[in-house]
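The chain contents come next:
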Amino acid sequence: MTIRYLKKHAVLEGHVAVDDAEALAQWLLQQRVPAVHLGKCEDVHGAVLQVLLALRPTFKSSPADPLLARVLGLA
Amino acid sequence: MNQTDLLDQFVIEARECLEAIGKRLLDVEQDPDNDELLNDLFRSVHTLKGNCGLFEFKPLERVVHAGEDLLDRVRHRTLAYSAELADALLEAMDYSAQLIDQIERHGRIDSNADARSIAHASALRSFVCGSEPAPSPAPLAAVPVIARVPVSSEDLAPSWTSRLDLAAVASKLSVLALRYLPEVGCFFKGEDPWRLARTAPGLLQLHVASASAWPQGEDRAAWDCYQCNLDIVLCTDAPRSEVEAHFCCVAEQVTWCDATANVGVAAPPGEPAVSPLLRQRVAVLWSDQCELLARAGDSAGTVGAARRALSNLLGCLDGPAGSAASASLAEIAGEVSASSLLVWARSNALAVEVVAVTATASEATMPDRDIVAVLPRVEDSSAASPQKVLKVGQEKIDRLMELIGEMVVAKNSLPYLAQRAEEVFQQRELAREIKAQYAVINRIADDLQHAIMQVRMLPVGAVFQRFGRLIRDISRKLGKEVNLVVEGEDTEADKNVIESLADPLIHILRNSLDHGIELPEVRRAAGKPPAGTIRIVARQESDRVIIEIQDDGAGVDAARVRNKAVERGLISADQADTLSDDDAVQLIFLPGFSTADEISDLSGRGVGMDVVRTAIERINGGVELSSVQGKGTTLRLSLPLSMAVTTVMVVESAGRRLGVPMDLIVETVRIPACDIHHFKQARTTVLRGRVVPLRALNDLLALDAAPMLNEAGELAVLVIRHDNESVGLLVDHFHGASDIILKPLEGVLAGLIGFAGTALMGDGGVLMVLNPKELLQ
């Protein structure tokens with residue numbers, strides 16, 4: 001798995017594939033204050049990006065990819 | 001291009017012109033007040049005349065010239081268009097067509113043509129108020145070209161470009177902005193729009209938003225994260241072709257915008273990026289602001305607005321004058337009165353105008369520049385995709401198709417080779433590689449075949465065109481009033497299919513006109529509108545083209561058909577009595593049938609519908625007739641889209657391989673021998689509650705062998721359709737389907753009954769393809 005769901009936040013690592021989008025969306029919806037770590041995230045699939053854009057969790061750290069960071073409003 | 005080529009070209013073009021003229025003449029007759037049609041007609045005639053002049057074909061030019069003069073009068077309303085005039089023009093046109101045939105055959109016009117051409121020309125001239133002298137020949141001018149100024153709705157940047165910071169990339173030589181709206185289901189196709197966008201070549205900026213608003217509150221729980229809702233805007237400095245190639249799979253979801261043309265505002269100083277049009281506009285707006293300020297009693301808001309407008313206008317202009325002016329405007333700080341701003345605006349107007357005027361003057365040498373600057377996109381797109389038509393002779397296409405056919409056959413030998421490599425030479429690895437190569441070649445061959453099919457496709461309208469004339473002539477001769485309605489003329493089919501359709505359709509239409517549509521008095525008495533309607537509808541249904549010819553005439557009289565059929569000895573009286581009305585109507589397809597009592601030049605020879613059916617069946621088509629007495633008749637032709645490649649099922653019987661056309665096959669079944677009922681010589685079986693007669697293929701082909709049973713004691717039965725009934729053919733083995741190029745039987749074999757033709761198989765063998773219809777008769 002490229003997403004680790006911890007108590008307070010989810011950690012996205014490496015390349016997050018399309019299959020993870022739904023689980024991530026479900027998890028984010030269940031959280032009272034959803035938060036994700038993107039520090040180790042290299043790239044995401046379009047569907048995952050869409051989940052992040054739509055549900056707008058708190059980003060604990062910004063991804064290394066400047067383009068992705070810009071699109072998520074982190075740079 | 002030498003003289004012969006030029007002549008060929010002339011013949012082709014002249015034919016096209018004549019066709020267009022013929023069509024337009026009929027259109028104009030329907031709607032004589034339509035200037036556009038008349039002008040179009042005149043242009044076609046004029047073009048033809050111009051072309052004739054090039055070759056000194058005097059007789060042809062004389063006729064066409066007379067026609068042109070006549071049409072010129074009509075066009076200028078000094079002469080009324082009438083049916084007689086149309087008759088004369090149509091006749092002259094027919095004569096021109098004959099002349100062109102002569103030209104094509106001999107390269108010149110027979111010397112005796114002069115007299116007839118003079119007759120035609122004077123017939124035409126007689127309409128032109130007689131007394132006038134023949135006008136001097138017009139110069140061989142080209143067709144008047146209608147100047148079309150393309151109008152673009154995109155002279156301004158689309159609103160989505162505002163999501164990009166185009167000013168930041170203004171230093172690039174060319175910037176291409178594009179908006180990519182992935183379709184909703186794109187994730188299910190394995191597409192990743194984000195990845196596609198961020199890997200775009202030369203990517204400068206990227207902006208992602210939602211296509212429709214993201215779900216809020218309660219809706220979030222029900223939101224489907226696999227319904228793509230992304231709206232991606234990006235700009236790149238890569239060449240357009242490269243970017244297009246990158247987005248080629250989703251080309252229809254991408255909107256383009258040449259951002260360089262639209263960021264002229266932000267172009268670097270020193271380059272003449274500001275269009276002269278913009279400068280003129282600035283000058284006009286500037287003086288507008290002055291007028292606004294000059295009005296008495298303006299509020300502070302107006303002054304503020306005017307000030308903003310002025311500073312924005314300055315922002316649009318570059319150069320030292322502009323920047324100096326904006327600096328001086330900035331000096332007028334805080335609240336200003338209308339009058340002080342007006343003074344400033346007037347004093348600086350000169351600077352603005354100087355910029356504008358010098359720019360305009362520098363562009364004045366190129367008067368068209370304005371339009372070019374406003375419509376950069378239009379020009380770009382027309383330069384990128386010029387609509388060029390290549391005229392190629394049919395024999396070249398046919399040759400290409402033959403070659404592709406050979407290629408298809410040749411490629412089919414590879415699987416046999418692979419099999420041999422494996423079985424004979426024990427080279428399994430090699431066999432696999434051959435198969436892999438075969439897959440590649442197979443794909444290319446399929447594409448080739450498809451492409452050549454597309455080239456050969458013609459709209460059926462090409463045939464329908466001549467019917468307008470036919471119906472007009474015949475209905476006038478018969479004293480009937482007929483409207484022809486054509487629908488679906490864009491439906492496409494193979495050229496050969498279309499061409500072989502022409503004769504049967506003419507027969508059908510003649511029949512409809514002669515037997516179907518009644519005389520106006522009769523129609524009125526029957527409570528129908530006096531003018532009959534013949535409707536030709538073409539459409540595509542899966543891999544077949546359906547053409548329906550409907551008339552609202554008298555319909556077929558079943559009783560009369562029965563009597564006539566008995567009278568002519570086509571069926572016995574007993575048979576006739578047992579036929580239902582629907583079946584009786586079908587008798588008109590019998591050879592030698594005619595209901596007309598006397599032979600006219602239209603019908604009565606008893607070759608009508610029989611010819612139609614034979615011609616249609618020759619191209620693997622079918623004819624169905626349904627008729628309601630008093631209401632009308634509908635003929636339904638069903639034709640294959642293309643005849644080049646036939647799919648056959650290969651079966652084996654008595655050790656021989658035979659092909660059966662796939663479109664006749666209903667199913668293949670294996671039936672235990674004990675389920676076959678014998679009654680004297682006849683064999684039947686019950687298939688899904690229906691009795692199916694069985695015939696042994698060996699018997700039909702006079703092969704002396706019994707059908708073979710398989711290990712389970714079953715017989716292989718190929719169920720085929722025969723005259724709307726199912727018939728089972730007993731064969732030995734099924735060998736699967738194969739695409740073949742069917743060659744008709746020729747020469748010594750031409751008279752062979754029961755076979756549709758032969759085909760070359762991949763292993764070099766010849767496959768005989770059966771014609772079950774003939775075989776079962």
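Residues numbered from 1 in each chain as written. Chains lettered and ligands numbered in written order. Predicted model: local features only at pLDDT ≥ 70, side-chain atom pairs only at ≥ 80, totals over all residues.

A separate point is the overall build of chain B. For chain B, the helix and strand inventory stands at 27 helices and 22 strands. Within chain B, the fraction of its 777 residues that count as buried is 28%. For chain B, the proportion of contacts with a sequence separation of at least 24, taken over those separated by at least 6, is 69%. (Helix = DSSP H or I, 4+ residues; strand = E, 2+ residues; numbered from the N terminus. Buried ≥ 20, exposed ≤ 12 C-beta atoms within 10 Å, placed from the backbone. Contact = placed C-beta atoms within 7 Å.)

Another aspect to go through is the overall build of chain A. For chain A, the count of helices and strands is three helices and six strands. N-terminal to C-terminal, the α/β element order of chain A is β-β-β-α-β-β-α-β-α. Put simply, chain A has 75 residues, and 36% of those count as buried. Contacts spanning at least 24 positions in sequence make up 51% of the contacts within chain A whose residues lie at least 6 apart.

What follows is about the sheet that holds strand β10 (residues 622–628) of chain B. Consider a sheet: its strands pair through backbone hydrogen bonds, and that pairing is either parallel or antiparallel. All names here are of chain B. Here we have five strands laid out as an open sheet, ordered β6-β8-β9-β11-β10, and mixed in their pairing. Edge positions in the sheet fall to β6 (482–487) and β10, since each has one partner strand and no second. Taken pair by pair, the neighbouring strands of this sheet meet at an average axis angle of 15°, ignoring direction. Contacts between helix α20 (residues 495–516) and the sheet are confined to β6, β8 (532–541), β9 (544–551) and β11 (632–640), with β11 contributing the most and set at about 175° to the helix. (Pairing = 2+ DSSP bridges. Axes fitted to C-alpha atoms, helices over the stretch in contact; angles between N-to-C directions.)

To continue, consider the interface of chain B and chain A. Contacts between the two partners involve 19 residues from chain B and, on the opposite side, 16 residues from chain A. If you list the elements that add at least two residues to the side of chain B that touches chain A, you get α6 (193–198), β2 (203–210) and α7 (219–222) of chain B. Looking at the side of chain B that touches chain A residue by residue, the class counts come to 13 nonpolar, two polar and four charged. (Nonpolar A, V, L, I, M, F, W, Y, C, P; charged D, E, K, R; others polar.)

Turning to the environment of L513 of chain B, a few remarks are in order. All names here are of chain B. Along the polypeptide, L513 turns up in helix α20. Given 24 C-beta atoms within a 10 Å radius, L513 is considered buried. Considered as a pair, L513 and I534 are 21 residues apart in the sequence and their alpha carbons are 8.5 Å apart. Among all residues touching L513, those that are not within four sequence positions of it are I471, I474, S475, L478, K480 and V482.

All names here are of chain A. On the basis of which strands lie adjacent, the open sheet formed by four strands has the order β1-β2-β4-β6 and mixed pairing. Sheet topology places β1 (3–5) and β6 (58–61) at the edges, where each strand pairs with a single neighbour. Ignoring strand direction, the axes of neighbouring strands in this sheet form an average angle of 25°. Both strand β2 (residues 10–12) and strand β4 (residues 35–37) contribute to a ladder of two bridges, which runs parallel.

An α-helix turns once every 3.6 residues. As a result, residues three or four positions apart point the same way. Residues and elements named next belong to chain A. Within helix α2 (residues 46–55), eight of the 10 residues are buried, which leaves the element mostly enclosed by the surrounding structure. Within α2, burial applies to G46, A47, V48, L49, Q50, V51, L52 and L55. Trailing α2 by a residue or two, R56 shows a phi angle of about 40°, which is positive.

When you line up the elements, A682 of chain B lands in strand β16 (residues 682–687). In this structure, the C-alpha to C-alpha distance between A682 of chain B and L694 of chain B, residues 12 residues apart in sequence, is 7.4 Å.

Below, the discussion takes up the nonpolar core. Among the nonpolar cores identified, the biggest contains 46 residues, and L24, V48 and V51 of chain A together with L234 and C235 of chain B are the most heavily contacted of them. Of the residues forming this core, the biggest block, six residues, is contributed by α2 of chain A. The residues contacting V51 of chain A, other than those within four sequence positions of it, are A21, L24 and A25 of chain A together with C225 of chain B. V463, I471, I508 and V545 of chain B belong to the second-largest nonpolar core, a separate cluster that totals 34 residues. (Core = buried A, V, L, I, M, F, W, Y, C linked by C-beta atoms within 7 Å.)

Residues and elements named next belong to chain B. Burial runs high along strand β3 (residues 230–236): six of the seven residues are buried. Note: strand β1 (residues 176–180) against β3, five bridges, orientation antiparallel. Counted as the bridge partner of Y180 is I232 from β3. Alignment of β2 against β3, held across seven bridges, turns out to be antiparallel. Opposite L203, over in β3, you have T236 as the bridge partner.

All names here are of chain B. α20 packs onto helix α19 (residues 461–478) with a crossing angle of 25° between their chain directions and a minimal axis gap of 10 Å. Here α20 runs roughly parallel to α19, going by the angle between their axes. When you trace α19 past α20, the crossing you get is right-handed. Where α19 approaches α20, its residues A462, V463, F467, L470, I471, I474, S475 and L478 are matched on the opposing element by I498, L501, A502, L505, I506, L509, R510 and L513. (Parallel < 35°, antiparallel > 145°, perpendicular 65-115°, else oblique. Left-handed = near helix turned anticlockwise from the far one by under 90°.)

Moving on, we get to α20 of chain B. All names here are of chain B. In this model α20 runs 30 Å from its N-terminal to its C-terminal C-alpha over 22 residues, within 8% of the 32 Å that 1.5 Å per residue would give. Considering bend angle alone, the principal kink of α20 is centred on A502 and spans about 35°; proline P504 follows within four residues of it. Turning to α20, its buried residues are V497, I498, L501, P504, L505, I508, L509, N511, S512, L513, H515 and G516. (Expected span 1.5 Å × (residues − 1). Bend = angle between axes of the 7 residues up to and from the residue.)

What follows concerns the environment of G713 of chain B. Residue and element names in this part refer to chain B. Looking at the element boundaries, G713 is found in the loop between α26 (697–700) and β18 (714–722). Among the residues examined, G713 registers 10 C-beta atoms within 10 Å and is labelled exposed. Leave out the neighbours within four places in its chain, and G713 touches P672 and A673.

Attention now goes to the packing of helix α2 (residues 35–55) of chain B against helix α3 (residues 58–75) of chain B. Residue and element names in this part refer to chain B. Interhelical geometry of α2 versus α3 gives an angle of 155° and a closest axis separation of 9 Å. Taken together, the axis directions place α2 and α3 in an arrangement best described as roughly antiparallel. As α2 packs across α3, the resulting crossing turns out to be left-handed. Seen from α2, the contacting residues are L38, N39, L41, F42, V45, H46, L48, K49, C52 and G53; seen from α3, they are L60, E61, V64, H65, G67, E68, L71, D72, V74 and R75. When its residues are assigned to classes, the contact of α2 with α3 shows 10 nonpolar, five polar and five charged.

Turning next to unusual backbone geometry. A negative phi angle is the norm for most residues apart from glycine, just as the trans form is the norm for most peptide bonds. All names here are of chain B. For A654, which is not a glycine, the phi torsion comes out positive at approximately 50°. Its place among the elements puts A654 in the loop between β12 (646–653) and β13 (656–661). Look at A654 and you get partly exposed, because 17 C-beta atoms sit within 10 Å. Here A702, not a glycine, exhibits a phi torsion of approximately 55°, which is positive. As for its placement among the helices and strands, A702 is situated in the loop between α26 and β18.

What follows covers the pairing of β18 of chain B. All names here are of chain B. As paired elements, strand β14 (residues 665–672) and β18 share seven bridges and run antiparallel to each other. Residue pairing in the sheet places E667 in a bridge with V719 of β18. Bridge count between β18 and strand β19 (residues 725–731): seven bridges; the pairing is antiparallel. Bridge pairing links A716 to V731 in β19. The loop that links β18 with its antiparallel partner β19 comprises two residues; one of these, D723, has a positive phi angle of about 50°.

For chain B, the average pLDDT comes to 77, and 81% of its residues sit at 70 or higher. For this predicted complex, the interface confidence score (ipTM) comes to 0.93, while the overall pTM stands at 0.45. (pLDDT = per-residue confidence, 0-100.)

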